Amino acid sequence: MAVGVVDGATTVAAWPLAVCDVLAQRGFDADRALAEAGLDRARLVGNAGGRVPTEAMARLWEASVRLSGDPALGLAVGQKAQPMHLRVVGLLLQMVPDLATLLEYTEHFQRLISTSVVVARVHRPEAIGLHIRPLAGVPVHPCALDAFVAAHVHHLRRRGAQDWIHGVSLPRRASGGDPRQWRDALGCPVRFDGDEACIWHERGRLHQPLPLGDPELCRLHYHLAEQALEDLDREPPLIQTLRGLLRAAAPHSPTLAELAGAVTLSERTLRRRLAELGSGYRQLLEQQRSEWAAELVADSHEPLSEVAARLGFTDPSNFGKAFKRWHGISPDRYRRRIRGDQ
């Protein structure tokens, strides 16, 4: 079974995988930390676009800090984060034209990354900040805030805007660690023991163009992110579960009968339930192929003909037509723009 949809606050399942990558690189047993958190690596890998409970994520942070002895572990995880760890939001933010748009979209689409915090823009005469506030009663570990901040700062560095950060506030003590770890990792002044987490940006940089901004791809990923946000808010649990099963099974495409068995329904009942929800097996399968195609074209170094074959297309030209129908651009142009070759 794939990572399930749960009540309460959740975070995207790619984040615990990023934690595990950092632990493994340092020679620690990441599976031990996952076990303490009640998470399963195979399910996470099979459904990196799914969701995990924030409580489980907090347990993973706690176990990882204890295992590594590093209270600043979140900084390393944030620095390692790639666009696909943030799914469609990460790809969108990679294409925005300027800092003002980046801050606007980070606020608007934050719930696609985690529903455990509220992100809002706040203002000072000389700076504009991203304020990160955990929801009341939600167990957000300090390392999770560190990772959010570090990922944001690292993203700006990749975009050639490393000196645009005015300063950072963190509602934590640098206990057990040297405060210079945070200052060196973030490359700006860091204030501890405040009552907020906030990343401050120089106001004068707001409308300065960011390198690699691409209006066409930005519009495309904005619409995809809006659709994902609508799905998060409105999609019934059954549809979310079936999407997770399809992601976990890729590149295999489960039959309707296999999906029905996985959710303990008869094939006839599942077909009826899907129709009642305004969906269907072929529609879900097409959406999954579209999502997987974008990931393979963006992240894989395989020739596009091999990507087409992995997706079940015997004719690469038919794959190109399908990709353009799904994403409004050819796979070749999509790959070049994602990689900054055009």
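Summarised in this report is the structure supplied together with it. (Residues numbered from 1 in each chain as written. Predicted model: local features only at pLDDT ≥ 70, side-chain atom pairs only at ≥ 80, totals over all residues. Heavy atoms only, no water.)

**Thoughts on the pairing of strand β4 (residues 127-134)**
Item 1. Burial runs high along β4: 6 of the 8 residues are buried.
Item 2. Pairing of strand β3 (residues 117-123) with β4 involves 7 bridges; the strand directions are antiparallel. Following the sheet pairing, Val-117 is matched in β4 by Pro-134.
Item 3. In this structure, the hairpin formed by β3 and β4 is closed by a connection of 3 residues.
Item 4. Note: β4 against strand β7 (residues 197-202), 6 bridges, orientation antiparallel. Among the inter-strand pairings, Ala-127 is bridged to a residue of β7, identified as Glu-202. (Buried < 20%, exposed > 50% of the residue type's maximum accessible area, 1.4 Å probe, protein only. Helix = DSSP H or I, 4+ residues; strand = E, 2+ residues; numbered from the N terminus. Pairing = 2+ DSSP bridges.)

**Observations regarding the packing of helix α10 (residues 215-234) against helix α17 (residues 331-338)**
Item 1. Put simply, α10 and α17 touch, their axes get as near as 11 Å, and they point 105° apart. One finds that α10 runs roughly perpendicular with respect to α17. Residues Glu-216, Leu-217, Leu-220 and His-221 of α10 lie in contact with α17, whose contacting residues are Arg-333, Tyr-334, Arg-337 and Ile-338.
Item 2. Each residue belonging to the contact of α10 with α17 can be placed in one class, and the counts come to 4 nonpolar, 1 polar and 3 charged. (Axes fitted to C-alpha atoms, helices over the stretch in contact; angles between N-to-C directions. Parallel < 35°, antiparallel > 145°, perpendicular 65-115°, else oblique. Contact = heavy atoms within 4.5 Å. Nonpolar A, V, L, I, M, F, W, Y, C, P; charged D, E, K, R; others polar.)

**Quick notes on helix α7 (residues 99-113)**
Item 1. At Glu-107, α7 shows its maximal bend, which comes to roughly 45°.
Item 2. When you tally the buried positions in α7, you get 11 out of 15 residues, the bulk of the element.
Item 3. Buried within α7 are the following residues: Leu-99, Ala-100, Thr-101, Leu-102, Leu-103, Tyr-105, Thr-106, Phe-109, Gln-110, Leu-112 and Ile-113. (Bend = angle between axes of the 7 residues up to and from the residue.)

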